Amino acid sequence: MSDQLAEAFTVLPQYLGGHMRLSMAAIACAILISLPLGILAARRQWLAGPALGIAGTLQTIPGLALLALMVPILGGTIGFAPAFVALTLYGILPVLRNTIVGLQGVDPVVREAARGVGMTQSQSLIEVELPLALPTIVAGIRTAVVWVVGAAVLATPVGAASLGNYIFAGLQTRNWTAVLFGCVASALLAILLDQIVRSYEIAARRRNRVMAALSTLAGIVLIGGALLPGWLDTAGQSTVAGDQAEAIGLEGRVVVVGSKPFTEQFILAALFERVLEAEGAIVRRRDGLGSTVAFDALASSGIDVYADYSGTLWANVLNREDNPGRHRIIAETSAALLNDYGILSLGSLGFENAYGFAMSREGADRLGVTSIAGLAGERVTIGADSEFFVRPEWTGTREAYGLQDATPRPMDSTFMYGAVRDGQVDVITAYTTDGRIAAYDLVILDDPRGILPPYDAMILLSPEAAADDAVAAALAPLVNAITPAMMREANRRVDLEGQTPEQAADWLWGEIGG
Amino acid sequence: MSPAATAHDVLRVEGLTKHYPGGILAADNVGLTAAAGELIAIVGESGSGKTTTLKAINRLIEPGAGSILFQGRDVMSLEAHDLRREIGWVMQGDGLFPHLTAAQNIALTPRLLKWAPARIAARVDELLELVRLDPADFRDRLPHLMSGGQRQRIAIARALAAEPPLLLLDEAFSALDPVTRAGLQEDFIALQNRLQFAAVMVTHDMAEALLLADRILVMKDGRVVQTATPSDLVNRPADPYVTELLAAPAKQARAVAALEQAP
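Here's what I pulled together on the structure shown here. (Residues numbered from 1 in each chain as written. Chains lettered and ligands numbered in written order. Predicted model: local features only at pLDDT ≥ 70, side-chain atom pairs only at ≥ 80, totals over all residues. Heavy atoms only, no water.)

Some points on the nonpolar core
All names here are of chain A. Of all hydrophobic cores here, the largest spans 74 residues; its most connected members are Leu276, Leu349, Phe357, Leu375 and Leu475. Among the elements that make up this core, the one with the highest residue count is helix H11 (residues 263-278) (eight residues). Residues within four places of Leu349 in sequence aside, it is in contact with Leu268, Phe272, Ala307, Ala457, Ile459, Leu478, Val479, Asn480, Ala481 and Ile482. One finds Ile78, Ala83, Ala160 and Tyr306 within the second-largest nonpolar core, a separate group that totals 56 residues. (Core = buried A, V, L, I, M, F, W, Y, C linked by side-chain atoms within 4.5 Å. Buried < 20%, exposed > 50% of the residue type's maximum accessible area, 1.4 Å probe, protein only. Helix = DSSP H or I, 4+ residues; strand = E, 2+ residues; numbered from the N terminus. Contact = heavy atoms within 4.5 Å.)

Structural notes on unusual backbone geometry
Residue and element names in this part refer to chain B. The phi torsion at Lys114 lies on the positive side, around 60 degrees, for a residue other than glycine. Mapped onto the elements, Lys114 comes out in the loop between helix H4 (108-112) and helix H5 (117-130). A positive phi angle, near 50 degrees, is found at Glu171, a position not held by glycine. One can find Glu171 in the loop between strand S7 (166-170) and helix H8 (178-195).

Side note on the environment of B:Lys220
One can find B:Lys220 in strand S9 (residues 215-220). Sequence-distant contacts of B:Lys220, defined by excluding residues within four places in its chain, comprise B:Ser48, B:Val225 and B:Tyr241.

Focus on the pattern of salt bridges
A side chain with one charge can pair with a side chain of the opposite charge if their charged atoms come near. Applying the stated rule across the entire model yields 39 salt bridges over all chains. Salt-bridge contacts for A:Arg285 lead to A:Glu273; the nearest nitrogen and oxygen are separated by 2.6 Å. Taken together, the residues A:Arg285 in strand S2 (residues 282-286) and A:Glu273 in helix H11 connect sequence positions twelve residues apart. With respect to burial, A:Arg285 and A:Glu273 carry one shared label: buried. For B:Asp125, the salt bridge identified is with B:Arg139, shortest N-O distance 2.9 Å. Of this pair, B:Asp125 sits in helix H5 while B:Arg139 sits in the loop between helix H6 (135-138) and helix H7 (148-160); the two residues are 14 residues apart in sequence, bridging distant segments of the chain. What makes B:Asp125 partly exposed here is its relative accessible area of 25%. (Salt bridge = Lys/Arg side-chain N within 4 Å of Asp/Glu carboxyl O.)

Section: a nonpolar patch on the surface
A cluster of nonpolar side chains, contributed by A:Leu180, A:Val184, A:Leu188 and A:Ile191, occupies part of the molecular surface with about 400 Å² of accessible area. Its place among the elements puts A:Val184 in helix H9 (residues 176-206). (Patch = residues over 30% accessible without salt bridge, like charges linked within 9 Å, V, L, I, M, F, W, Y side chains within 5 Å. Areas by Shrake-Rupley, 256 points an atom, 1.4 Å probe, with all protein chains shown as cover.)

Considering the environment of A:Gly102
Residue and element names in this part refer to chain A. Relative to the assigned elements, Gly102 resides in helix H5 (residues 80-104). The exposure class assigned to Gly102 is buried, which follows from its relative accessible area of 8%. Apart from the residues within four sequence positions on either side, Gly102 is in contact with Ala133 and Thr136.

Digging into H11(A)
Residues and elements named next belong to chain A. Along its 16 residues, H11 runs 23 Å from first to last C-alpha, staying within 8% of the 22 Å computed at 1.5 Å per residue. Counting buried positions along H11 yields 13 of 16 residues, so the element is predominantly enclosed. Residue Gly280 follows H11 closely and has a positive phi angle near 95 degrees. (Expected span 1.5 Å × (residues − 1).)

A word on the pairing of strand S6 (residues 381-384) of chain A
Residues and elements named next belong to chain A. Pairing analysis gives four bridges linking S6 to strand S7 (residues 407-410), with the strands arranged parallel. Bridging from a neighbouring strand, Thr381 pairs with Thr407 of S7. Handedness of the crossover joining S6 and S7 through helix H16 (residues 392-401): right-handed. Relative to strand S8 (residues 427-431), S6 runs parallel, the two being bridged by two bridges. Residue pairing in the sheet places Ile382 in a bridge with Val427 of S8. (Pairing = 2+ DSSP bridges. Right-handed = clockwise from strand over helix to strand, strands pointing away.)

Some points on the sheet that holds strand S5 (residues 73-74) of chain B
Residue and element names in this part refer to chain B. In space, the four strands of this open sheet follow the order S2-S1-S4-S5, with antiparallel pairing throughout. Of all strands in the sheet, those with a lone pairing partner are strand S2 (25-34) and S5, marking the two edges. Here strand S1 (residues 11-19) runs beside S2; their pairing, made up of six bridges, is antiparallel. The residue of S2 that forms the bridge with Leu16 is Val30.

Some thoughts on the pairing of strand S8 (residues 198-203) of chain B
All names here are of chain B. Most of S8 sits inside the fold, with six of its six residues counted as buried. Burial along S8 is two-sided: Ala198, Val200 and Val202 and Ala199, Met201 and Thr203, pointing in opposite directions, are all buried. Bridging between strand S3 (residues 39-43) and S8 involves five bridges; their strand directions are parallel. Residue pairing for S8: Ala41 is matched across the bridge by Met201. Sheet topology note: the S7/S8 ladder contains five bridges and is parallel. Across the sheet, the residue bridging to Leu167 is Ala199, located in S8. Since S7 and S8 lie parallel, the crossover through H8 that links them has a hand, and here it is right-handed.

Considering the interface of chain B and chain A
Counting residues at the interface gives 21 residues for chain B and 17 residues for chain A. Of the roughly 1700 Å² buried at the junction of chain B and chain A (both faces included), carbon and sulfur atoms supply 60%. At the junction of chain B with chain A, the criterion picks out two salt bridges. For the salt bridge of B:Lys55 with A:Glu112, the shortest nitrogen-to-oxygen distance reads 2.7 Å. Counting the contacts that link chain B with chain A gives seven residue pairs in polar contact (both at pLDDT 80 or more). If you tally residues by element for the side of chain B that touches chain A, the top one is H4(B), at four residues. Looking at side-chain class alone, the side of chain B that touches chain A contains ten nonpolar, five polar and six charged residues. (Buried area = accessible area lost by both parts, 1.4 Å probe. Polar contact = N/O pair within 3.5 Å; in protein donor to acceptor, adjacent residues only side chain to side chain. Nonpolar A, V, L, I, M, F, W, Y, C, P; charged D, E, K, R; others polar.)

Below, the structure is given as structure tokens:
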């Protein structure tokens, strides 16, 4: 437990810095857009309706979806840009709405008095209307601060470092310390920023210079703190590269390693990182990317390398539903990725992580089933990650084995093993390399008709990384190096023993003989 | 120090006509003059066009046809905000800025005219004395910490701050209770006698107009029904509507007189 806490603190500067850079830039930009727009709209009613309508509609889009949508909209760019744009849009509504409401709420008598004493329109705005609307506008800014800082944890799946990295990775690796740490850190940050804005408002209203200076100072410290780790980060990494002057091939080159949001992916990303760093590369991680986000980012060279699974690519990228066998799928997928996207597949890591229909031994014995065919017509509940139920594998299995009476229960993959062990669901679509299959004594049902395609883990390189042979050469020792048993053990160490993905990757590297 | 008192009228309005969108005729060929030291009252019911006429003078409402001469200059030849800085404005309620202290409220127009800070500070104290409020006590007070009568005094001080030759008052005393109102009216007249500014006041209260004004314009449906001194108006009403307006204060006066004679 204290190990996990110490681990959490070591990456805090990076995650907190990323989180603050992202949310403060988004808040500042949201204010820069919505304050002038609000001032304009407060005077022109025809503008107020549409402006509030659009901002309000953006607000109703769930945060995660808004962030994820920005990736394709920005042409497959991941990282800071899509998160920044989405969070800015998110922050616009409260400031815009409160600016309009605040200005329109100024007593017309007071506005007429401003004209009556000889103020111009802009003097009236700056000296009378804005000061009187200030408390309402500040309330809007405070709402925006809390929303944006809270929503910035959702930047992790689109590849921007944030406090969400704790939460998403922690959720997948069952590291509840990390999850709590991320939640508490982002809540504290939101409260802190909110209080700074509030004290600024009070200072402005009371014309208290000391208080204003203190709030400014606090703001500068925070912003400076947000920018500083970024500097240290870069500085530290170039030093590391300098130290390894004798290393060959990737000296000083930045390689971005991506991962999808589950344990095995985090371990593989950590493994790639240490192999690449051994060759002198500067590695940046983009952990916990959404499944399609990861692929799109690779195709546009937003990330350079990640591992994906043949069956996933077969269905999602090649849009194929047939099953010509393991080796043909790898070959055809590799050919298609290279031809259509310029993505280079280095081949299989050596293990398969398939979807397998799994039941508790007790449950399987009770129904007397050993294969999926035995579930035909049974009223069972099936737990799976939400992705599975929209994939062709599910419709294919359902048709082939007559599972029409089964009830799908989408859930986070980290919870499904416990759920089937405890009988909360009857069947799950387990990942066959998960250490919990053995630990919980789960039974994998046969797939006699071969409906579920193979899922060989493949190392994929972006077009940019593929152009230079050095990256491929560095990663080549990993091809066919990991047996299913080794991967299961590595996963088990994280999911059940509370090791970090880095520790598990170290163990794997030792087993490989690196 | 006192506003320029010239032989000319400070204000001359001729043939003022104002249509609102929708064809409503708010002012129809209105004429009036005000000389230095003179108080003109415009009396009428709501919708009679009295407020339109008043606000056209400092262009809070853009005048339509006709001419408005302020110190011999056509008001349309000036920037509206420059014009308003030369004309004092006291409005219904008080129209004080709630986020500014009494001194800051009073200082507004001089500040817009870029007076030196020392001159403004001296002027603020002088004005507080003029409206009979203790500068030490009131200078730094926010409007919500004053009574209605005190706020209206600050509003008058604010209107007089830049030494305007003309003051416009829109129902300036009507929101006050009768005792406060009477005190303020008296002080206002004393102030005008001393400073000799011209004033145009709009009121729906005929008794107020009779007590304060040098001349009264009675307006109905956008037209001036009669312009006369208070005594001419009472003794020679030119229109049944004027008689009707005069009936209410006369009846009140008779009722009070009757009670006084009772044993």
